[in-house]
Amino acid sequence: MSTIGTFTIRPLDPLKDAELLHRWVTHPKAAFWMMQDARLQDVEREYMRIAAHEHHHAYLGLHDGEPAFLMEKYDPRYVELVGLYEPEPGDVGMHFLVAPTDRPVHGFTRAVITAVMAELFADPATRRVVVEPDVGNKAVHALNAAVGFVPEREIDKPEKRALLSFCTREQFEAARGVSV
């Protein structure tokens, strides 16, 4: 993908990847992930729970073969957004977290969210991606807008006030400059 490198995505191994994830989710830059005080066992337990869940999946994103981001996809009819909006057929929920680095690459996070969205839309059943970031996470709101997300409204989740936003396949392709 572009000059940034190649992105691949593989299923997360909750036990083998736990130490890596623990470093990522407890880093100060991951404050909106809400796992700042998590112990290694907490991270293992959370990702074992996700691995066992029929409607929630976690993936490790690789950049040129090296771990670089975490991606989660979920069915909002059963996870995260139950009762908070009216899901449509083909809705897929998404979370992503870019690994902290001492050597940031300009455009990297945008390249990651683009790769995540391309992966989600690679499934023809995905009609729309749904996100619910913290209303205070202005950086992710800008990234979401850059790949085609349109905010709908603020919602109250048990752990945060969130900005419910949607991106259709057509909106994503238009944001990427791909003809529909």
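For the structure itself, consult the block above.
Criteria and thresholds
Residues numbered from 1 in each chain as written. Predicted model: local features only at pLDDT ≥ 70, side-chain atom pairs only at ≥ 80, totals over all residues. Heavy atoms only, no water. Buried < 20%, exposed > 50% of the residue type's maximum accessible area, 1.4 Å probe, protein only. Helix = DSSP H or I, 4+ residues; strand = E, 2+ residues; numbered from the N terminus. Arc of directions from axis to C-beta. Contact = heavy atoms within 4.5 Å. Axes fitted to C-alpha atoms, helices over the stretch in contact; angles between N-to-C directions. Parallel < 35°, antiparallel > 145°, perpendicular 65-115°, else oblique. Left-handed = near helix turned anticlockwise from the far one by under 90°. Nonpolar A, V, L, I, M, F, W, Y, C, P; charged D, E, K, R; others polar.

Section: helix 4 (residues 138-146)
- Where helix 4 is concerned, the buried positions are Val140, His141, Leu143 and Asn144. One side of helix 4 holds all its buried residues, which, seen down the axis, span an arc of 165°. Facing away from the buried surface of helix 4 by more than 90 degrees, the exposed residues are Lys138 and Ala139.
- The elements touched by buried residues of helix 4 are strand 4 (91-98), helix 3 (108-121), strand 5 (128-131) and strand 7 (161-168).
- One or two positions beyond helix 4, positive phi appears at Gly148, with a value near 110°.

Regarding the packing of helix 3 against helix 5 (residues 169-176)
- Where helix 3 meets helix 5, the closest approach of the two axes is 11 Å, and the angle between their N-to-C directions is 140°. One finds that helix 3 runs oblique with respect to helix 5. Handedness of the crossing formed by helix 3 with helix 5: left-handed. Packed against helix 3, whose contacting residues are Thr114, Met117, Ala118 and Phe121, the element helix 5 presents Arg169, Phe172 and Arg176 at the interface.
- Its residues assigned to classes, the contact of helix 3 with helix 5 shows 4 nonpolar, 1 polar and 2 charged.

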